[in-house]
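Breakdown of the fold
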Amino acid sequence: MKNKIKNKALLEALEQKMSEEDITFGEFWKGVEEKLQQNSLEKKTAIGWPFIMTATATAVVIILAGVFFFQILLQLNLLNSGRGLLITQTKGSVEIVQNNKTRLLPLEYRVIHPDTSIKTGGGSEIELQIIGRAFLKLLPGSSITVERLITNNLRMDVNIELKSGSILVHALPLRQGDRFIITTPGTTTAIAGTSYLVGLNQFGDTRVAVSEGKVKTGLTLNWFGQDREKMKLNPEALFFLQEAILPSVLVTEGRKSVITHESLLRLNSYLEMEIRNSGTEVKQPVGRKNLVEIKGSLLTAIKKWESESAFTKSQLNGLDETKELATLSNKTILSSIGFNPLLSGTVAALLNQDGLQNKEMKTNKQDDDSKSRQLALAWVKEFKPGVGSFKSILADDLIVATAGDHLLVLKKDGIEVCNQKIAQNENEVLTAPYVNNNVIYVGSDQGYLYAFSLNGNLLWKQSEAGQAKFNTCPVAERDYVILASQDKGLQLFTHQGKPVGIRDSMSQKAFYIRPLITQITRNVILGSEDGFLTAYNLEEKRIVWQRKVSEERILYPIVGNDSIAFIFLRNSGRIIAFRPATGETVWEHEFAALSRTTFSPVFSGDNNRLLIAKVLENKASQAVLLDALSGKSLELWEFPNNITCIDLAYSHAAFGFENGKVLLVNLETKKEQWFTDINGPSKTILLDQEYLYLFTDQKWFKLSYKGNP
Amino acid sequence: MPESDLSDAEILKRIAGLINPDHSLQTGYEYYFEILFHRYYKQGLALAHYYGLSREDALDVVQESFAKIYRKINRISRLDPFKPYYFKMLMNLVHDKYREINKHKTVDFDAVLETPVESINNTGNIFEKLQNEDYINRLILRLTPKLRQVLLLKIKCNLEPPEIAEAAGIQIRQVYNRLNKALDLIQKMMENDVEK
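Residues numbered from 1 in each chain as written. Chains lettered and ligands numbered in written order. Predicted model: local features only at pLDDT ≥ 70, side-chain atom pairs only at ≥ 80, totals over all residues. Heavy atoms only, no water.

As for the overall build of chain B
Helix and strand content of chain B: eleven helices and zero strands. The secondary structure elements of chain B, listed N-terminal to C-terminal, are α-α-α-α-α-α-α-α-α-α-α. Split into buried and exposed, the 196 residues of chain B put 49% on the buried side. Across chain B, the fraction of contacts at a sequence separation of at least 24, relative to all contacts at a separation of at least 6, is 65%. Split by element, the accessible area of chain B, about 10,000 Å² in all, is 48% carbon and sulfur. (Helix = DSSP H or I, 4+ residues; strand = E, 2+ residues; numbered from the N terminus. Buried < 20%, exposed > 50% of the residue type's maximum accessible area, 1.4 Å probe, protein only. Contact = heavy atoms within 4.5 Å. Areas by Shrake-Rupley, 256 points an atom, 1.4 Å probe, with all protein chains shown as cover.)

Have a look at this one:
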């Protein structure tokens, strides 16, 4: 049976009678009261060890947790308010000096406060962000000190001292009252709209390169600071002089400004000399009145210096700057922590001391590496193009060229189809050929227009077509052969060579460039000697639109397609992108460094790129690749040799050099391929999908750039 | 109904009704505590004493149990039934007292349990022997703690098995099992003693 006591008798025996209470309640309760009082006292005076231990442990945990969260809150607050720099990425060893403590910082997501120095070793980098404000990247071998970040009223007041190396900056547009300054020995660089000068004790070569926005670079002369006692210049005067006379330069998108150590020293000595020569009155403490007089003489010295220095003449960014600034592209900036680098109007600047040396080294390196990446030679053939200019085009499986007074037709496999003299007169200069519907058209400076079959048979010729000079040549479309001539203006012919009448005004203009034909609208876009762009419709035989774009002659062929076209103005280096249908400007940029180049711009419709090159005075040369749709500089190449020919097609840019070398750059992968086995300069270079055709005075080469031929 | 017949819960509620805002008790509470005293003092003392505490220590523990009721009257007044809770509390206080004693003395409670039973007069009725309180105590002390706890709650505190279950924190079935086992062992011990 469950739940039953078996031995009840024993249990009852054990349940002995309770003895009488041996104590009264009164006595008992006294003891209880004592306990109550004792307990009350203990409560007030003493705390048990377990409680103390527990309380202590709890307190320690609470304090530690509090400190931890306070730190986090503090850091978040610092970061969110812009008072701290967040380290978002490090590569290699980075040294941080904070509160006189040096430590290596391999960890990411730490906070850098003002008054902190950061130093990167060779091969190491660090990326920092002022949350929501700016992105900074310190390149290998660089050193900066973060002086200030923000003011008490949350205005951006960034002051970073660059001691060596390079720093990349990508800052959001500044608000009114914000300052973003980077100082180097001798210069102060600020985002546009800010002017601020800081005295430094050292000089160094500095360059400021900009890829977006505007950056203002000014000079800082330590001489004013050091010698003011000697010169009796009070601080107010010092400030006034600095603001009043020292030049600054606004570096715009795609350009750079370089200041060398020597140049700064020279300016220093000029100014010192002027101060000394300006009389005894300046040796006394000077006020504004005296300063005005001093200012005049100082300005003379500054002008003299400016004429010698390249500081205020900003230049196009070089290949190095372009590459380095490309690392500020949106892809490379971490967006995971809330920084949006995609906002428009951002400024990216690159400061690099000793930048010129770097550039030289880089250029040499290109030559050293050149032999290791050879283009594959398909074949080479002897070639006697004749005397004179050589202008060639690719047409299906043919290469068609005019060389001196000869027409040359070559098959791409190396067979010569035609090599004959076609010029009618002595000294007649042929235009570049144009191939349309299996007919080759060639003009001449003596007014001839020729039509040949692809095997070189003359189909017809016009002796009164109009003088085609300089950069023009006949073009053809569905119904007409068009010639923009110097003496007879626009001339139209049927495919049989019969003239077609057009409005007088078009025939009265002088043209030096090949016109552009749009396929859909059938407009001929012409650039005339008087600086007008004109769209002439072939169907309606009338001018669709006309606009003056320059006072200067239009001398480079108009390039483009149905949706966008480009005119490059020779003297100013201005490129205007416009809509062929309406003439409306899409974008406009000035590339002064490329002005008066001997190369016509090359447009590639495959990926909307525009290539412009120029041979510089010092035998070096430059080439710029632009995004045709936006005008943004994508690549800038600087070469130590003269470029002799360029081409752009199928996402490749090709350059031939005076020393016979050939460079092919894949614009997507940035890979370079060289060919260095040519003696003598190349005359022309032509790109097709797999091969590159190159002509020198005596040979022509077929080179494969997509593997072995 | 005379107040002395009030249930434990009723008494505790009345005490709780005398609490001042400053947590002290109004005059008159002693009366109710006296009722509880008459109900539980002897049992509590016996339990504590049978756990091996000296009379002074046992009295101290019972007084402490009443002080605890005073201090925690608000919470205790909501307990019904009170009896099992009280003896559970008392046993905890006994254990605390032992820990306190062990802290200051080096007395080993287990050693006390191993004390051999004195030879007793093997003449006479076995139940007569039980009249010797000391003898009973020694028998009980030879039981295992679990058996001893249940038996003591039964014979010294007059708790019914459900109350023992609640006070000891075990199932009622376990209470019966343990009680039967404890009685069997005592029976055997006594028989052995008689044989000797």
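Here the narrative resumes, following the displayed structure.
Observations regarding the overall build of chain A
Regarding its fold elements, chain A presents ten helices and 50 strands. The burial tally for chain A puts 51% of its 709 residues in the buried class. Contacts spanning at least 24 positions in sequence make up 52% of the contacts within chain A whose residues lie at least 6 apart. Accessible surface computed for chain A: about 32,900 Å², of which carbon and sulfur atoms make up 50%.

As for the interface of chain B and chain A
Each partner contributes residues to the interface: chain B has 39 residues there, and chain A has 29 residues. Contact between chain B and chain A buries roughly 3,200 Å² in total, counting both sides, with carbon and sulfur atoms accounting for 68%. Three residues stand out in chain B for area buried against chain A, namely B:Lys42, B:Gln63 and B:Leu183, and they jointly supply 18% of the buried area on that side. Linking chain B with chain A are two salt bridges, by the criterion used here. Residue B:Glu64 is joined to A:Lys35 by a salt bridge in which the shortest nitrogen-to-oxygen separation is 3.9 Å. If you look at where chain B meets chain A, you find three residue pairs in polar contact (both at pLDDT 80 or more). Listing elements by their share of the side of chain B that touches chain A, those giving two or more residues are helix H2 (29-50), helix H3 (55-71), helix H7 (126-130), helix H8 (133-141), helix H9 (145-155) and helix H11 (172-195) of chain B. The element that contributes the greatest number of residues to the side of chain B that touches chain A is H2(B), accounting for eleven residues. Residue classes in the side of chain B that touches chain A are distributed as 22 nonpolar, six polar and eleven charged. (Buried area = accessible area lost by both parts, 1.4 Å probe. Salt bridge = Lys/Arg side-chain N within 4 Å of Asp/Glu carboxyl O. Polar contact = N/O pair within 3.5 Å; in protein donor to acceptor, adjacent residues only side chain to side chain. Nonpolar A, V, L, I, M, F, W, Y, C, P; charged D, E, K, R; others polar.)

Here we look at the nonpolar core
Judged by nonpolar contacts, the single largest core of 79 residues is most densely connected at A:Phe28, B:Phe33, B:Phe66, B:Tyr86, B:Leu151, B:Leu153 and B:Ile186. Broken down by element, this core gets its largest block of residues, 13 residues, from H2(B). Among residues more than four places away in sequence, those in contact with B:Leu151 are A:Leu11, A:Leu14, B:Ile140, B:Leu143, B:Lys156, B:Leu179, B:Ala182, B:Leu183 and B:Ile186. Formed by 24 residues, the second largest nonpolar core is a distinct cluster that contains A:Ile126, A:Leu136, A:Leu149 and A:Leu162. (Core = buried A, V, L, I, M, F, W, Y, C linked by side-chain atoms within 4.5 Å.)

Section: helix H1 (residues 8-16) of chain B
Along H1(B), the residues classified as buried are B:Asp8, B:Ala9, B:Ile11, B:Leu12, B:Ile15 and B:Ala16. The buried residues of H1(B) all sit within an arc of 160° when viewed along its axis, so they share a single face. (Arc of directions from axis to C-beta.)

Some details on the side chain of A:Ser528
Residues and elements named next belong to chain A. Within the secondary structure layout, Ser528 lies in the loop between strand E33 (523-527) and strand E34 (532-537). The buried category is assigned to Ser528, whose relative accessible area is 0%. If near-sequence neighbours (up to four positions away) are discounted, Ser528 is found in contact with Lys509, Ala510, Phe511, Arg553 and Ile554.

Some points on the pattern of salt bridges
All names here are of chain A. Taken as a whole, this structure holds 20 salt bridges over all chains when the rule is applied. Here Glu539 ties to Arg522 by a salt bridge, and the two come within 3.4 Å at their closest N and O atoms. Pair noted here: Glu539 is in the loop between E34 and strand E35 (542-548) and Arg522 is in the loop between strand E32 (516-517) and E33, with a separation of 17 residues, a long-range link. For Arg522, a relative accessible area of 5% gives the class buried.

Considering the sheet that holds strand E38 (residues 574-578) of chain A
Sheet strands pair via backbone hydrogen bonds, and the direction of the pair is either parallel or antiparallel. Residues and elements named next belong to chain A. Here four strands make up an open sheet; going across it, the order is E36-E37-E38-E39 and the pairing antiparallel. The open sheet is flanked by strand E36 (559-560) and strand E39 (585-590), the only strands paired with a single partner. Relative to strand E37 (residues 565-568), E36 runs antiparallel, the two sharing two bridges. Across the sheet, the residue bridging to Val559 is Phe566, located in E37. (Pairing = 2+ DSSP bridges.)

Quick look at the confidence of the model for chain B
Residue and element names in this part refer to chain B. For chain B, mean pLDDT is 77; residues scoring 70 or higher make up 78% of the total. A low-confidence stretch, residues 105-126 stays under pLDDT 50, and its non-local contacts, those more than four residues away or across chains, total 25 contacts. With a pTM of 0.43, the predicted complex shows an ipTM of 0.77. (pLDDT = per-residue confidence, 0-100.)

Details of the packing of aromatic side chains
All names here are of chain A. Summed over all chains, the structure comprises 34 aromatic pairs over all chains. Their ring planes at 25° and their centres at 5.5 Å tell us that Phe25 and Trp29 sit as a pair that is stacked. Placement of the pair is Phe25 and Trp29 together in helix H2 (residues 25-45), with a separation of four residues, close to one helical turn. Across the pair, Trp29 and Phe25 agree in class, each one buried. Positioned over the ring face of Trp379 is Lys381, at 5.4 Å from the centre of the ring. Over the ring of Tyr691 we find Lys702, and its NZ or CZ is 4.2 Å from the ring centre. (Phe/Tyr/Trp six-rings, centres within 6.5 Å; stacked < 30°, edge-to-face > 60°. Lys NZ or Arg CZ within 6 Å of the ring centre and 35° of its normal.)

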